[in-house]
Amino acid sequence: MSYQLYRNTTLGHTLQESLDELIQGGQITPQLALKVLLQFDKAINTALANRVKNRIQLKGKLNTYRFCDNVWTFVLNNVDFRDVQELAKCDKVKIVACDGKSAPGHE
């Protein structure tokens, strides 16, 4: 099983809404919808791990942090994100970081 963090993105929400409509219309079963969501979890985690090569630097004031069930959560204030060419500023950022190499089902 892969992390389900990306179900809470625009893409994940849209997929879930579409699957709900298909279930309500009797076009697919709830079991098939669950299989689709599990495949989405696996595919998005694999794609992000293998295809995204961009790197940024961030600097901010650490407000809180937590490590629970092998998942780090950081909340930062007054954050600067730096790319090679751009700078973006944000008042507050929450970062959730999971170890993809030890994720259940990681292949």
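Quick notes on the rules
- Residues numbered from 1 in each chain as written.
- Predicted model: local features only at pLDDT ≥ 70, side-chain atom pairs only at ≥ 80, totals over all residues.
- Heavy atoms only, no water.
- UniProt positions renumbered as here; feature names shortened; annotations may be inferred.
- Pairing = 2+ DSSP bridges.
- Helix = DSSP H or I, 4+ residues; strand = E, 2+ residues; numbered from the N terminus.
- Axes fitted to C-alpha atoms, helices over the stretch in contact; angles between N-to-C directions.
- Expected span 1.5 Å × (residues − 1).
- Phe/Tyr/Trp six-rings, centres within 6.5 Å; stacked < 30°, edge-to-face > 60°.
- Buried < 20%, exposed > 50% of the residue type's maximum accessible area, 1.4 Å probe, protein only.

- Looking at an unreviewed UniProt entry, the chain carries the name Transcription initiation factor IIA subunit 2, with the source organism given as Magallana gigas.
- As stated in UniProt under Subcellular location (unreviewed entry), the record for the chain gives "Nucleus".
- Looking at the chain in UniProt, the text filed under Sequence similarities (unreviewed entry) is "Belongs to the TFIIA subunit 2 family."

**Focus on the sheet that holds strand S3 (residues 87-98)**
Moving on, step 1. What the three strands build is an open sheet, ordered S1-S2-S3; its pairing is antiparallel. If you trace the sheet from one side to the other, it starts and ends with strand S1 (57-68) and S3, each paired once. Strand-to-strand twist across the sheet, computed as the mean angle between neighbouring axes with direction ignored, equals 15 degrees.
Moving on, step 2. Pairing analysis gives 11 bridges linking strand S2 (residues 71-82) to S3, with the strands arranged antiparallel.

**Digging into helix H1 (residues 10-24)**
Moving on, step 1. For H1, which comprises 15 residues, the first-to-last C-alpha distance of 21 Å matches the rise-based estimate of 21 Å (1.5 Å per residue) to within 8%.
Moving on, step 2. One or two positions beyond H1, positive phi appears at Gly26, with a value near 75 degrees.

**Structural notes on the packing of aromatic side chains**
Moving on, step 1. Scanning the model with the defined rule gives three aromatic pairs in all.
Moving on, step 2. Ring plane angle 35 degrees and centroid distance 6.5 Å describe the contact between Tyr65 and Trp72, whose orientation is recorded as tilted.
Moving on, step 3. According to the relative accessible area criterion, Tyr65 is exposed, its value standing at 57%.
Moving on, step 4. Take Trp72: its relative accessible area is 35%, and that puts it in the partly exposed class.
Moving on, step 5. When the centroid spacing of 5.5 Å and the interplanar angle of 10 degrees are considered together, the rings of Trp72 and Phe74 count as stacked.

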